[in-house]
Amino acid sequence: MLDHDSRLPEAATSPGSVVALVDAASRVERELVGNWLIEGGIAQEFGTSAPVTQLDLDAEAVATRLVGRRDDPLVVPVRVLWLPPERDGVRRTTFTDLATLSNPRKPNKLLQRRLVKKAPDRHLVLTGQPARLSELRANNPDVAPAPEAFARAIVRAGIVALERAERAVIGDRYKVPRLVAEEILDSREFLRRLDAIAEQTGASEREVHRRAEKALRELVAAQSRLVSDLFTQAMRPIHASTWKVDSEEHGLDRLRALNRRYPLVFLPSHRSYVDAFVLGDILARNDFPPNHVVGGANLSFWPIGPIARRTGTVFIRRSFGDDEVYKAVVEEYFAYLLAKRFNLEWYFEGGRTRTGKLRPPRYGLLNYLAAALRSKRIDDVMLIPVSITYERLNEIGAIADEQTGGSKKAEGLTWLARYVRNQQHSAGHVYVRFGSPLSARERLAVHGDPLQAHGISAPEEIEESEHRAVQRLAFEVAVGINDVTPITVNALTTLVLLGVHERALTRDELRYAIAPVLGYIEGRDLPRGELATLRDDHGLAVVLEQLTVAKVVTVYRGGLEPVYSINAGAHLEAAFYRNSAVHWFVNRAILELAILTAVEAPEGDQLRAGWEAAYRLRDLLKFEFFFPERTEFTSQLTAEMLLVDQEWHRRTAAGTVGAEILAKLAESGFMMAHRVLRSFFDAQLVVAERLAAHDPTETLDKKTFIDECLTVGKQMLLQQRLHSPESVSSELFGSAWKLADNHGLLGGDDPDELTARRIRFGAELRAISARISRAAVLDPSNRLDAL
């Protein structure tokens with residue numbers, strides 16, 4: 001009932017009396033606890049001979065017989081713990097146990113009698129951490145004056161203490177919260193906030209309290225150990241038979257140590273519906289408590305919804321606008337979970353990636369976490385970036401269809417059955433990597449969050465500082481995910497094949513094109529999967545065969561030897577695999593375009609022109625990739641240049657940055673600009689041209705405009721004004737829309753000036769496209785004489 005680990009509080013070394021709060025649901029359990037007490041269980045456990053009073057762990061009994069006492073008894077919660085049978089050294093409920101029509105952790109009364117006689121190892125009497133009655137009053141100052149509320153607080157404390165004692169026996173993976181809604185609804189601070197909302201909105205206090213209780217019970221995940229065990233066993237085959245899970249589990253020791261001091265918030269990349277099962281299985285096998293996984297209410301359909309809620313899923317409304325009551329409930333629930341050191345997990349991109357690369361973050365839930373820190377409800381939280389990368393995904397066909405205008409299939413039983421059936425094919429590895437933990441409090445402070453608003457008086461300034469700090473924290477999480485995301489065999493293979501325009505390659509040609517890129521990856525020591533297999537013919541043949549089965553690659557075997565290319569209509573799927581690793585090559589691609597820009601400039605002005613081009617490209621791509629501050633970006637690009645030409649500094653000092661640098665790029669054996677950046681700039685060009693075609697006085701609707709870009713983009717593709725179907729994507733058009741808005745191209749006061757700026761924007765993108773085409777020509781894999 002206290003937070004520290006010693007069994008007997010220092011102040012309770014010589015209690016005058018002891019009250020045993022017995023949590024028993026049957027006569028058998030009462031007899032077991034009664035016999036334990038008669039045999040001196042309390043004396044043996046705590047070293048005291050004080051008289052013991054037995055009392056039910058029930059709010060009414062506690063209110064009547066305990067809270068009003070004038071003495072200061074030692075209060076000890078007691079319970080009988082039932083255990084499943086041991087199998088292979090592990091006690092875990094299985095579907096076989098259900099044949100008894102009883103939960104092994106909560107056996108029925110008849111089975112309890114039998115277990116006591118036949119399997120005495122299946123039960124034991126547990127005591128939770130004790131506390132003096134005076135300590136319980138001190139720990140609950142807001143509720144202690146009210147007998148009923150104080151009694152409920154004592155019951156909750158007793159249950160929590162028993163839960164902790166149980167986890168010492170069964171493991172932390174069974175850590176589950178109890179009586180959450182009841183405790184929150186007894187919080188005077190929360191009730192005062194609800195009263196303030198009632199006053200602000202003009203609603204009655206009773207109505208606001210009713211809405212809050214309804215929202216809270218809708219949110220709270222009622223975790224069950226039985227359902228958790230069974231659900232894990234039922235869902236594990238979905239990923240275990242499909243992927244070979246590859247995780248760096250040695251890093252989990254550090255996270256487990258951190259978890260003893262702080263709650264952890266796992267923030268994974270989101271590429272598949274199965275992400276939560278993969279990560280949850282790894283954490284359970286390493287004895288982490290189950291995460292409270294925050295998911296969209298669209299997945300709460302029967303039977304998944306009711307089951308998932310009992311395994312820790314928190315279904316949150318996709319949008320709750322100006323509903324201040326719901327906002328208050330979500331913030332309070334998050335603060336409660338974190339204060340009790342329950343771990344959380346959510347996908348901060350807001351949904352599965354549609355392109356394969358990390359999406360821009362959503363800030364809503366991070367704002368609630370920051371609010372809990374500012375309110376001093378919690379000391380700190382550790383944010384854990386998590387990268388989950390699949391070699392192959394069976395669901396990307398549907399994702400690609402959505403990007404070209406197809407409708408998203410609604411989740412339901414039919415959808416679930418189809419999804420499970422599609423996972424029955426081997427899909428290689430799934431790599432799970434954990435990034436460096438980030439202290440939420442420390443990083444928010446570094447980014448300017450006042451946390452306590454010291455030195456800032458204007459509310460607008462406080463709000464702006466808080467908003468900016470959360471954005472920068474989200475950026476750090478995204479970078480942390482990207483930093484540990486490995487390059488897979490499929491990512492590297494599709495990266496190379498997508499850069500070969502309308503031409504098939506033999507395995508020898510493909511291996512020749514892969515070799516310099518692989519050398520670059522190894523030279524930079526980038527995270528990677530089993531890329532070494534691509535160096536030998538058999539390993540490459542296996543990878544290509546698997547991509548052929550997945551219908552991403554097509555093979556023609558009718559000639560002298562097989563030749564491979566991206567399957568017609570599968571460019572978006574291929575780009576999905578490539579984009580999981582594309583962030584590792586963005587700086588190289590920008591460098592190439594900057595050099596191509598520099599050589600076009602007059603002699604003596606080339607260095608300046610190159611750097612200006614690099615900074616401009618960074619600005620145009622800021623809604624697609626996570627770039628560091630300008631100074632760090634400059635350092636990264638300089639390091640990239642030195643990989644191409646170790647004499648870079650000497651040449652710039654001598655003013656020779658033209659043809660010699662271009663030759664060094666060609667000598668490197670590969671070019672990246674057309675492989676990495678072309679689809680993004682082509683999509684921007686479609687948006688730019690459609691903007692220029694619209695009346696500058698017209699108010700544009702985003703959805704209608706993007707639908708127009710999809711139809712016109714398909715026409716431009718057929719006219720070969722775009723280079724690949726992957727450019728015709730609603731996701732890319734959405735990012736280009738954000739860029740245009742950021743540059744003030746969606747509207748303005750002067751129609752003529754707006755039209756001129758839209759036209760200039762399109763001209764700039766066409767010039768970039770021309771340089772990308774030049775980079776493609778320089779790429780050895782696009783020159784037959786180089787192969």
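Calculation rules
Residues numbered from 1 in each chain as written. Predicted model: local features only at pLDDT ≥ 70, side-chain atom pairs only at ≥ 80, totals over all residues. Heavy atoms only, no water. 1 Å grid on protein atoms, 1.4 Å probe; cavity = no way out; pocket = protein on both sides within 12 Å on 5 of 7 lines; lining within 4 Å. Points joined across faces, edges and corners; volume = space filled by probe spheres on them. Helix = DSSP H or I, 4+ residues; strand = E, 2+ residues; numbered from the N terminus. Buried < 20%, exposed > 50% of the residue type's maximum accessible area, 1.4 Å probe, protein only. Arc of directions from axis to C-beta. Contact = heavy atoms within 4.5 Å. Polar contact = N/O pair within 3.5 Å; in protein donor to acceptor, adjacent residues only side chain to side chain. Lys, Arg positive; Asp, Glu negative; His and termini not counted. Salt bridge = Lys/Arg side-chain N within 4 Å of Asp/Glu carboxyl O. Phe/Tyr/Trp six-rings, centres within 6.5 Å; stacked < 30°, edge-to-face > 60°. Pairing = 2+ DSSP bridges. Axes fitted to C-alpha atoms, helices over the stretch in contact; angles between N-to-C directions. Parallel < 35°, antiparallel > 145°, perpendicular 65-115°, else oblique. Left-handed = near helix turned anticlockwise from the far one by under 90°. Patch = residues over 30% accessible without salt bridge, like charges linked within 9 Å, V, L, I, M, F, W, Y side chains within 5 Å. Areas by Shrake-Rupley, 256 points an atom, 1.4 Å probe, with all protein chains shown as cover. Charge placed at Lys NZ, Arg CZ, Asp CG, Glu CD. Expected span 1.5 Å × (residues − 1). Nonpolar A, V, L, I, M, F, W, Y, C, P; charged D, E, K, R; others polar.

A look at empty space enclosed by the protein
Part 1: In total, this model carries six cavities of 30 Å³ or more according to the counting rule given.
Part 2: Taken as a whole, the largest cavity encloses approximately 160 Å³ of empty space.
Part 3: Taken together, 14 residues make up the lining of the largest cavity; nearest its centre are Leu591, Ile595, Gly610, Trp611 and Trp648.
Part 4: Secondary-structure elements contributing two or more residues to the lining of the largest cavity are helix 24 (586-600), helix 25 (606-620) and helix 26 (630-644).

Some remarks on helix 11 (residues 252-259)
Part 1: The set of residues buried in helix 11 consists of Leu252, Leu255, Leu258 and Asn259. Along the axis of helix 11, the buried residues cluster in a sector spanning 115°; they form a single face.
Part 2: For helix 11, the elements touching its buried residues are strand 9 (264-268), helix 12 (275-285), strand 13 (382-390) and strand 14 (429-434).

A few points about the side chain of Asp186
Part 1: Counting through the fold element by element, Asp186 comes out in the loop between helix 7 (180-185) and helix 8 (188-201).
Part 2: Residue Asp186 is classed as buried on the basis of its relative accessible area, which comes to 16%.
Part 3: At 3.1 Å, the side chain of Asp186 forms a polar contact with the side chain of Arg156.

Looking at the side chain of Arg271
Part 1: If you trace the backbone, Arg271 turns up in the loop between strand 9 and helix 12.
Part 2: Although Arg271 is buried, it makes no salt bridge; Glu349 carries the closest opposite charge, 6.6 Å away.
Part 3: In this structure the side chain of Arg271 is engaged in a polar contact, spanning 2.9 Å, whose partner is the backbone oxygen of Ile388.

Some thoughts on the pattern of salt bridges
Part 1: What the rule picks out here adds up to 53 salt bridges.
Part 2: A salt bridge links Arg616 to Asp619; the shortest N-O distance between them is 3.2 Å. One end of the pair, Arg616, and the other, Asp619, are both in helix 25, three residues apart, so they sit about a helical turn from each other.
Part 3: What makes Arg616 partly exposed here is its relative accessible area of 29%.

Things to note about the packing of aromatic side chains
Two aromatic rings are characterised by how far apart their centres lie and by the angle between their planes.
Part 1: Evaluated as defined, the whole model comprises 14 aromatic pairs.
Part 2: Measuring from centroid to centroid gives 5.9 Å for Phe475 and Phe626, while their planes differ by 65°, and the two rings are edge-to-face. Pair noted here: Phe475 is in helix 19 (residues 459-484) and Phe626 is in the loop between helix 25 and helix 26, with a separation of 151 residues, a long-range link.
Part 3: Ring centres 6.2 Å apart and planes at 55° place the aromatic pair Tyr615 and Phe633 in the tilted group. Here Phe633 lies in helix 26 and Tyr615 lies in helix 25, a separation of 18 residues in the sequence.

What to know about the pairing of strand 17 (residues 563-566)
Each regular strand shows side chains that alternate between the opposite faces of the sheet.
Part 1: Where strand 16 (residues 553-556) meets strand 17, four bridges bridge the pair, whose relative direction is antiparallel. Residue pairing in the sheet places Val553 in a bridge with Ile566 of strand 17.
Part 2: Count of turn residues in the strand 16/strand 17 antiparallel hairpin: six residues.

So, the environment of Leu534
Part 1: Positionally, Leu534 belongs in the loop between helix 21 (507-524) and helix 22 (537-549).
Part 2: A residue is classified by how much of its surface remains accessible, and Leu534, at 1% relative accessible area, is buried.
Part 3: As for Leu534 and Thr493, which are separated by 41 residues in sequence, their C-alpha atoms are 8.5 Å apart.
Part 4: With sequence-adjacent residues up to four places away left out, Leu534 is seen in contact with Val489, Leu492, Thr493, Arg511, Ile514, Leu540 and Val543.

A look at the packing of helix 8 against helix 14 (residues 324-339)
Part 1: At a minimum axis distance of 10 Å, the contact between helix 8 and helix 14 shows a crossing angle of 165°. As judged from the angle between their axes, helix 8 and helix 14 are roughly antiparallel. Helix 14 is crossed by helix 8, and the crossing has right-handed handedness. Contacts between helix 8 and helix 14 involve Phe190, Arg193 and Ile197 from the former and Glu324, Val325, Ala328, Val329, Glu331 and Glu332 from the latter.

Considering a positive patch on the surface
Part 1: Residues Arg318, Arg362, Lys702 and Lys738 make up a contiguous surface patch of positive charge.
Part 2: Along the chain, the position of Arg362 falls in the loop between strand 12 (344-345) and helix 15 (364-374).

Remarks on helix 32 (residues 730-742)
Part 1: Over its 13 residues, helix 32 runs 18 Å from end to end, which matches the ideal 18 Å to within 8%, given 1.5 Å per residue.
Part 2: With a side-chain oxygen lying 3.2 Å from the backbone nitrogen of Glu731, the N-terminal cap of helix 32 falls on Ser729.
Part 3: Once helix 32 finishes, Gly744 follows within two positions and takes phi at roughly 70°, a positive value.

Description of the packing of helix 24 against helix 25
Part 1: Contact geometry of helix 24 with helix 25 gives a least axis separation of 8 Å together with a crossing angle of 140°. Between helix 24 and helix 25, the angle falls in the class oblique. Considering how the two elements wind past one another, helix 24 and helix 25 form a crossing that is right-handed. For the pair formed by helix 24 and helix 25, the contact residues are Ile590, Leu593, Ala594, Thr597, Ala598 and Val599 on the first element and Gln606, Ala609, Gly610, Ala613, Ala614, Leu617 and Arg618 on the second.
Part 2: Looking at the contact of helix 24 with helix 25 residue by residue, the class counts come to nine nonpolar, three polar and one charged.

Notes on the pairing of strand 9
Part 1: Burial analysis of strand 9 places five of its five residues in the buried class, the great majority of the element.
Part 2: On strand 9, burial covers both faces: Leu264, Phe266 and Pro268 on one face and Val265 and Leu267 on the other are all buried.
Part 3: Sheet analysis places strand 9 next to strand 12, joined by two bridges and oriented parallel. Looking at the pairing, Phe266 lines up with Glu345 of strand 12.

What to know about the environment of Ala673
Part 1: With respect to the secondary-structure elements, Ala673 resides in helix 29 (residues 673-676).
Part 2: For Ala673, a relative accessible area of 0% translates into the label buried.
Part 3: C-alpha separation for the pair Ala673 and Arg771, spaced 98 residues apart in sequence, amounts to 8.8 Å.
Part 4: When near neighbours in sequence (up to four residues on either side) are disregarded, Ala673 contacts Ala589, Glu592, Leu593, Arg678, Ile772 and Ala775.

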